[in-house]
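Each chain, written out:
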Amino acid sequence: IVGPNAGELIAEAVLDPDIRSAAVTREREVVARELTDRLDSAGGTLDDLIWTTAYRQHPYGRPIGGTPEQVTALTLEDVMDFYSRYYVPANMALIVAGDVDAGAIYAQAEELFGAAEAVPAPDLTLPSEPPQTDVRVGAQTRPSRALLISYAWHAPKVEDFEDVCAMDLIYTILGEGQLGRLHQSLEAEGLALMSNCDFLTQRDEGLVIITAMTVQDKETEVRTAILDEVERLREETLTEEQLAEAKRVLRISYAFSNGSFSDQAGALGFYEAIGGYRRAIEYIDTVEAVTAEQLQGVARKYLGPNAYTLAIIR
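What comes next is a walk through the structure.

Rules used throughout
- The numbering scheme is per chain: residues are counted from 1 as the chain's sequence reads.
- Residues qualify for local features only when their pLDDT is at least 70, as the model is predicted, and side-chain atom pairs are given and counted only at 80 or more; totals for whole chains, interfaces and linings, by contrast, use all residues.
- Values reported for side chains reflect all heavy atoms of the structure, with hydrogen atoms and water molecules removed beforehand.
- Only runs of H or I of at least four residues qualify as helices and only runs of E of at least two qualify as strands under DSSP, and these elements are numbered from the N terminus.
- For every residue, the accessible area (1.4 Å probe, protein chains only) is compared with the maximum for its type, and the residue is labelled buried under 20%, exposed over 50%, or partly exposed between those bounds.
- The contact rule is simple, with two residues in contact once any of their heavy atoms fall within 4.5 Å.
- Calculation of accessible area relied on Shrake-Rupley with a 1.4 Å probe; when residues are assessed, cover is drawn exclusively from the protein chains displayed.
- Only four residue types enter the charge count: Lys and Arg as positive, Asp and Glu as negative, with His and the chain ends excluded.
- In this description, the location of a charge corresponds to atom NZ of lysine, CZ of arginine, CG of aspartate or CD of glutamate.
- Patch members must show over 30% relative accessible area and no salt bridge, and they are joined within 9 Å when carrying like charges or within 5 Å when they are nonpolar side chains of Val, Leu, Ile, Met, Phe, Trp or Tyr.
- The term salt bridge refers to a pairing of a side-chain nitrogen on Lys or Arg with a carboxyl oxygen on Asp or Glu at a separation within 4 Å.
- When DSSP finds at least two bridges between two strands, those strands are taken to pair.
- Think of each axis as a best-fit line through the C-alpha atoms, taken over the contacting stretch in the case of a helix, with angles from 0 to 180 degrees between the N-to-C directions.
- Aromatic pairing here means that ring centres of Phe, Tyr or Trp (its six-membered ring) are within 6.5 Å. Orientation follows from the plane angle: under 30 degrees is stacked, over 60 is edge-to-face, and everything else is tilted.
- A positively charged side chain is recorded as over a ring if its NZ (Lys) or CZ (Arg) lies within 6 Å of the ring centre. The angle to the ring normal must also be within 35 degrees.

This paragraph deals with the overall build of the chain. A tally of helices and strands in the chain yields 13 helices and 5 strands. In terms of overall dimensions, the chain has a C-alpha envelope of 60 × 45 × 35 Å along the principal axes. Taking all 314 residues of the chain together, 39% fall into the buried category. In the chain, 82% of the contacts between residues at least 6 apart in sequence involve partners at least 24 apart. Accessible area of the chain: about 17400 Å², with a carbon and sulfur share of 53%. The chain carries 26 positive and 51 negative side-chain charges, and their two centres are separated by 6 Å.

Dropping the structure here:
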């Protein structure tokens, strides 16, 4: 909120949206086309394949945007039913970052949002995913000379925040550009064209995912190299110098991603939505407190040698 007019616009958009049937018809075609385009790409296919293979009960296994067919079938009534269930004050947070007068912001929020009807928050309880105790493999073929490989392990949920911060250090160690171990083992050795490691903190257990692009005749070497690096994290305790360097890189990344007021509001809002905004404030202190032994324990806890998902686009 940067002024009275902006605040009024936000309140109107959230509490009294002017959603019409023509707009739903127009937008569902746009979104359906975007989903189709995504599935036409190897990367989009790989992403869906890893999540649908890794989850058997939890909704994280479903495509985030649904399928083009599901989106095309949505009606104005469907959209407004969703809105009436989820866009309620008990399920909202107002995040303000910047050089503002807190008292004035509270007064403005009360004026703009205080009259909203008190509706119970939606039930956000979701079916839990049973622990993965096996290796799961999903594969598809596409007309391409490149080979895409993703490994995924179930990762800590936001409630286990110390584990989350240790896992953030793990993906930093593995995949932070040319400093990452994956780059050294794959690209630097001529085995892969690219590699990365990704982990998004979520309300429930998400995935830590390692992805590599290579060519057909190097598949076995790439897969071996990835699993070797994961095994190394489980078996070798980091030196204090290695841990300090990982923390330094992660601090820089976090500072860069929170450089603007909009970035800061986004971080606070993200954590508030999944488990409490204070985690954004406490993040760096929690990262700094991670020990080498704790990081190794998290690697052993989550990155099991016989409990992962492998997705391949050949």
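Back to the text.
This paragraph deals with a negative patch on the surface. A cluster of acidic residues, Glu8, Glu12, Asp16 and Glu111, forms a negative patch on the protein surface. Within the secondary structure layout, Asp16 lies in the loop between helix H1 (4–15) and helix H2 (21–39). According to the relative accessible area criterion, Asp16 is exposed, its value standing at 55%.

The strand order S1-S5-S2-S4-S3 describes an open sheet built from 5 strands, whose pairing is mixed. Either end of the sheet is taken by a strand with one partner, and the two such strands are strand S1 (136–140) and strand S3 (194–199). This sheet shows a mean twist of 15° between the axes of neighbouring strands, independent of strand direction. Sheet analysis places S3 next to strand S4 (residues 207–215), joined by 6 bridges and oriented antiparallel. Its bridge partner lying in S4, Phe199 is registered against Val208. In this fold helix H9 (residues 219–235) packs onto strand S2 (146–154), S4 and strand S5 (309–313), with an angle of close to 25° to the strand it touches most, S2.

Let's shift gears to the packing of aromatic side chains. This structure, assessed with the given rule, holds 11 aromatic pairs. Measuring from centroid to centroid gives 5.7 Å for Trp51 and Tyr55, while their planes differ by 5°, and the two rings are stacked. A connected cluster of aromatic rings, assembled from ring pairs, spans Phe161, Tyr254, Phe270, Tyr271 and Tyr283. Here the basic side chain of Arg279 rests over the ring of Phe161, its NZ or CZ set 5.7 Å away from the ring centre.

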